[in-house]
Amino acid sequence: MNESTTEEMKQKVSLMILKYYQQLQNGCDNFSCKNEFCRSCANFLYANITDPNELGAKSIMLVSNYGDRYLCQIEPIECSKFRIGKIRKYVDWGGDGVYQLEELVEQDLGTDRLDSAFHPPINLESKEKQNKTILFRKLNRNDPGLDFVDVFEALQLISTAQGSDLQKAIEPSIINQISILEKTAKTTTSFQYLRRIAILICFHAFSKKEFSKTLYRLIKLYHLLNKQAKEILNTWFEKSIPSSILTKIVTFLNIFISNEIPQTREIYLPPSQTIIDASTLLGDIFVANRKKNDKVKVEIFYNERINQTFNYQENYVNFINKNTNKFSFCNFSFILSAQTKSKLLTLESQYKMRNSLRESVLNSLLINEPISPYFVLVVRRDHLVQDSVNAILRASKNDLKKKLKVVFEGEDGVDEGGVKKEFFQLVVQQIFDPKYGMFVENEEMNKTNFWFNKSYIGEMGSYRLIGTILGLAIYNSVILDVRFPSVVYKKLLNRPLVLEDLHDYRPEIERGMWQLLAYEDSVEEIYMRTFQISYKTVFGEEIFVNLKKNGDKIPLTNENREEYVKLFVEWELNKSIEKQFLAFRNGFESLIEPEELEALICGDHEFEMKDLKKSAKYRDGYNSGSIQMKWLWNIIFSWTKEKQKKFLAFCFGTDRVPIGGLSNLRFTITRGGPDSEILPKASTCYGILILPAYSTKEKLKKKIELAIENSQGFGLF
């Protein structure tokens, strides 16, 4: 190798190291980046490393191991670099009716970020139009050619600039632009026209009450658009506006709605057209967000004011009476919190139970035979699963809508809620037992959740039982200790599944698929795969599956890898468990978000023990000031989250928390006699902790920890 070739190689390697270093330090400015060796990626492998020397060492390692394989390719933007020091500028919105903000600011606003912010139709330039330049990308249905982060920050700089003249000029400028856009709103599908609306929506000052009238004009402008134009805008919401900016847009729309709601009384229907229009726009954004890779959390869409003043009776009645055309916020369920929806579901179950009771009474009168107003489940403890399956398979849909009463054969007692809760706890515990072979523990998630057994050969009625139990749990307001990956709840809602849905089920597989899609060299040579996959049954037998016809003869290549990933996801999450899941979902219906559905069935993962202390009741000699109670709460607060979860499981049979937090649980601590060597006991059915009056804090700590560490969460007596 001659000297010039060696030097060229050194320069190439040095450039790659520099690019990797910049990528590890600053990212690639692509908010949807999937490269784990890039700081812009949500799963960045070196997120905790900030030391320049360590990042430099990682850069050298990446070049040594992978060459340029994991360097991000940043899409070039045709532009002329320029800087703006002083804003003696104006905003040129383009097209007719230009409204100028002329020479209103003399001071430096620190506008380095404006370098990359504005593509057409907004240009920042000097009044004399010196060094006129524009940054732009080509417009298309999927890309408005804007860096929305920079647009948002640039508009923020302008709107927060000092100087009353500029402040006074901003709103008239926007109003003038809206007036221009209104003229052709019903007919236009121009990308540049729609891009002006997208820019206006990023105006952060809309969160201020004084801009509410202008914001409402913008909302009405959106509703003037034809269907195709709205579809284009919503595609941009989905694909081009990062979640950080979409979160801000959703927030100021919710602030606007809250400001329109009466502050002194509950919402009386119907609300103003203003609220309906704003909620409808928020709904379109919500639908677009559901398709995004970097989704805004559903909680951001909740409107606190609406949830605080929600009239359950009127909203529910108007919702179920479709023929009246009366308004109901139930049609805008994304605004309602999981706690509000939980109460609505309880209300709905009460209505349906009442209707079932009425029908049963009428039928019994007509046929002169007594019919139970309840769905009575009679089971034997030693045949719990089989008896439950048989009873549910025999039950009609109307029976399942009745209030549930559980009877353990051979045992006296009336089910006032405790027996029902015990039944749910026991049947869930047994049906997930490996001996039944219905579900397998997820090794990739450290056995923290379960998945359907692909090779199950038993009766599918057992899966129907679990699906029905989820519905019965909602109907009867019981939290279950069920640990499914969230994709199960998405499947229950018939939502289309994508690669990201493998994340909390098969994270290693998901990561490998992203690497396959990003691989730049020959996939066929390195991966040496076909469209045939295999899996092992619980008995160790290897099963081969073709993802498509003659898949074992079709090599995986760069050209067909996207099809391969799509077919794999479809097989892994749908086809491989099709029969099991169809039985599982039979009779189960819901209209809420997967995250909320999981919380309603299983409770929340997050909790604050101080909320449990606030809700606690004391009896039989204990009160909040008792020395044993002070010791107990001090001990509980000193525990780790894991140990606190064990305490919850000991007292309630599950470590999951109801919607709204621990303050919504009924918890009673009762004195279990004087100081003794007896361990604490718990009635999980009623949330009662029986605690002897131990003589020292050390003894109390030893006894309570011994009890929770040696309990499976069913402290029944």
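Quantities reported herein were computed from a predicted structural model and do not represent experimental measurements.

A tally of regular secondary structure across the chain gives 26 helices and 12 strands. Buried residues in the chain amount to 50% of all 717 residues. Carbon and sulfur atoms form 49% of the exposed surface of the chain, whose accessible area is close to 36,400 Å².

Tracing the backbone through its elements, the reader meets S486 in the loop between α16 (461-475) and α17 (487-492). For the pair S486 and H503, spaced 17 residues apart in the sequence, the C-alpha separation amounts to 9.4 Å.

Right, let's get into helix α2 (residues 52-66). Under the 1.5 Å per step criterion, the end-to-end length of α2 is 21 Å for 15 residues, consistent within 8% with the ideal 21 Å. Listing the buried residues of α2 in full gives L55, G56, S59, L62 and V63. Along the long axis of α2, the arc covered by the buried residues comes to 120 degrees, so they all point the same way. Away from its buried face, by an angle of more than 90 degrees, α2 presents the exposed residues N53 and S64. Just beyond α2, the residue with positive phi is G67, at close to 65 degrees.

Per-residue confidence for the chain gives a mean pLDDT of 75; residues scoring 70 or more make up 74%. Segment residues 712-717 is flagged for pLDDT under 50; beyond a separation of four residues in sequence, or across chains, it makes 20 contacts in the model.

Core analysis: the largest hydrophobic core is formed by 71 residues, its most contacted members being L194, I197, L225, L253 and I285. By size, the runner-up hydrophobic cluster in this structure holds 66 residues, among which are V385, A395, L492 and L502.

What follows concerns the pattern of salt bridges. Taken as a whole, this structure holds 19 salt bridges when the rule is applied. The salt bridge involving R217 is made with E182; its shortest N-O contact spans 2.8 Å. Taken as a pair, R217 in helix α6 (residues 212-224) and E182 in helix α4 (residues 164-182) lie far apart in primary sequence, 35 residues in all. R217 sits in the partly exposed class, given a relative accessible area of 26%. Residue E182 is classed as partly exposed on the basis of its relative accessible area, which comes to 29%.

So, on to a negative patch on the surface. Taken together, the side chains of D68, E520, D521, E524, E525 and E559 make up a negatively charged region of the molecular surface. With respect to the helices and strands, E524 occurs in helix α19 (residues 523-527).

It is worth spelling out the environment of I249 at this point. The residue I249 is located in helix α8 (residues 243-260) in this model. On the accessibility criterion, I249 (0% relative accessible area) is buried. Along the sequence, I249 and I285 sit 36 residues apart, while their C-alpha atoms lie 9.3 Å from each other. Setting aside residues no more than four positions away along its own chain, I249 makes contact with I201 and I285.

Quick look at the packing of helix α18 (residues 507-518) against helix α20 (residues 561-573) now. As a packed pair, α18 and α20 sit with axes 9 Å apart at the nearest point and diverge in direction by 165 degrees. Our classification of the angle between α18 and α20 gives roughly antiparallel. By crossing handedness, the relation of α18 to α20 is classed as left-handed. Seen from α18, the contacting residues are I509, M513, L516, L517 and A518; seen from α20, they are R561, E562, Y564, V565 and F568. Class assignment of the residues belonging to the contact of α18 with α20 gives a composition of 8 nonpolar, no polar and 2 charged.

The next point concerns the packing of helix α24 (residues 627-638) against helix α26 (residues 697-709). Viewed as axis vectors pointing N to C, α24 and α26 meet at an angle of 55 degrees, and their least axial separation amounts to 10 Å. By the angle class used here, α24 and α26 are oblique. The two elements α24 and α26 cross, and the hand of that crossing is right-handed. Residue-level inspection shows Q628, W631, L632, N634 and I635 of α24 in contact with α26, the latter providing K697, L700 and K701. Looking at the contact of α24 with α26 residue by residue, the class counts come to 4 nonpolar, 2 polar and 2 charged.

The strand order across the open sheet formed by 4 strands is β9-β10-β12-β11, and the pairing between neighbours is mixed. Edge positions in the sheet fall to β9 (616-619) and β11 (681-683), since each of these pairs with one other strand and no more. Across the sheet, the mean angle from the axis of one strand to that of its neighbour is 20 degrees, orientation sign disregarded. Of the strand pairs in this sheet, β9 and strand β10 (residues 667-671) are connected by 4 bridges, and their pairing is parallel. When the bridges of β10 are listed, A616 appears paired with F667. Sitting on the sheet, α24 touches β9, β10 and β12 (688-691), and the angle it makes with β10 is about 135 degrees.

With that settled, the discussion passes to the packing of aromatic side chains. Taken as a whole, this structure holds 38 aromatic pairs when the rule is applied. Arranged with centres 5.5 Å apart and planes meeting at 75 degrees, the rings of F439 and Y463 form a pair that is edge-to-face. With F439 in strand β5 (residues 439-441) and Y463 in helix α16, the pair connects residues that are 24 residues apart, well separated along the chain. There is no split in this pair, since F439 and Y463 are both buried.

Before going further, it helps to examine unusual backbone geometry. Residue M528 is not a glycine yet carries a positive backbone phi of 50 degrees. If you trace the backbone, M528 turns up in the loop between α19 and β7 (532-536).

Here we come to a nonpolar patch on the surface. A contiguous nonpolar patch, built from Y374, V376, V378 and V407 and spanning about 300 Å² of accessible area, is present on the exposed surface. Take V378: its relative accessible area is 43%, and that puts it in the partly exposed class.

What follows covers α6. Here α6 is 13 residues long and its end C-alpha atoms lie 18 Å apart, about the 18 Å a rise of 1.5 Å per residue gives. Looking at α6, one finds that the buried residues are S212, T214, L215, Y216, L218, I219, L221 and Y222.

Okay, the side chain of T557 next. Structurally, the position occupied by T557 is in the loop between β8 (542-546) and α20. Judged by its relative accessible area of 14%, T557 is buried.

What follows concerns the pairing of β10. Put simply, side chains in a regular strand alternate between the two faces of the sheet. Within β10, 4 of the 5 residues are buried, which leaves it mostly tucked inside the rest of the structure. Bridge count between β10 and β12: 4 bridges; the pairing is parallel. Bridge pairing links I669 to L689 in β12.

Rules of the game
- Residues numbered from 1 in each chain as written.
- Predicted model: local features only at pLDDT ≥ 70, side-chain atom pairs only at ≥ 80, totals over all residues.
- Heavy atoms only, no water.
- Helix = DSSP H or I, 4+ residues; strand = E, 2+ residues; numbered from the N terminus.
- Buried < 20%, exposed > 50% of the residue type's maximum accessible area, 1.4 Å probe, protein only.
- Areas by Shrake-Rupley, 256 points an atom, 1.4 Å probe, with all protein chains shown as cover.
- Expected span 1.5 Å × (residues − 1).
- Arc of directions from axis to C-beta.
- pLDDT = per-residue confidence, 0-100.
- Contact = heavy atoms within 4.5 Å.
- Core = buried A, V, L, I, M, F, W, Y, C linked by side-chain atoms within 4.5 Å.
- Salt bridge = Lys/Arg side-chain N within 4 Å of Asp/Glu carboxyl O.
- Patch = residues over 30% accessible without salt bridge, like charges linked within 9 Å, V, L, I, M, F, W, Y side chains within 5 Å.
- Lys, Arg positive; Asp, Glu negative; His and termini not counted.
- Charge placed at Lys NZ, Arg CZ, Asp CG, Glu CD.
- Axes fitted to C-alpha atoms, helices over the stretch in contact; angles between N-to-C directions.
- Parallel < 35°, antiparallel > 145°, perpendicular 65-115°, else oblique.
- Left-handed = near helix turned anticlockwise from the far one by under 90°.
- Nonpolar A, V, L, I, M, F, W, Y, C, P; charged D, E, K, R; others polar.
- Pairing = 2+ DSSP bridges.
- Phe/Tyr/Trp six-rings, centres within 6.5 Å; stacked < 30°, edge-to-face > 60°.

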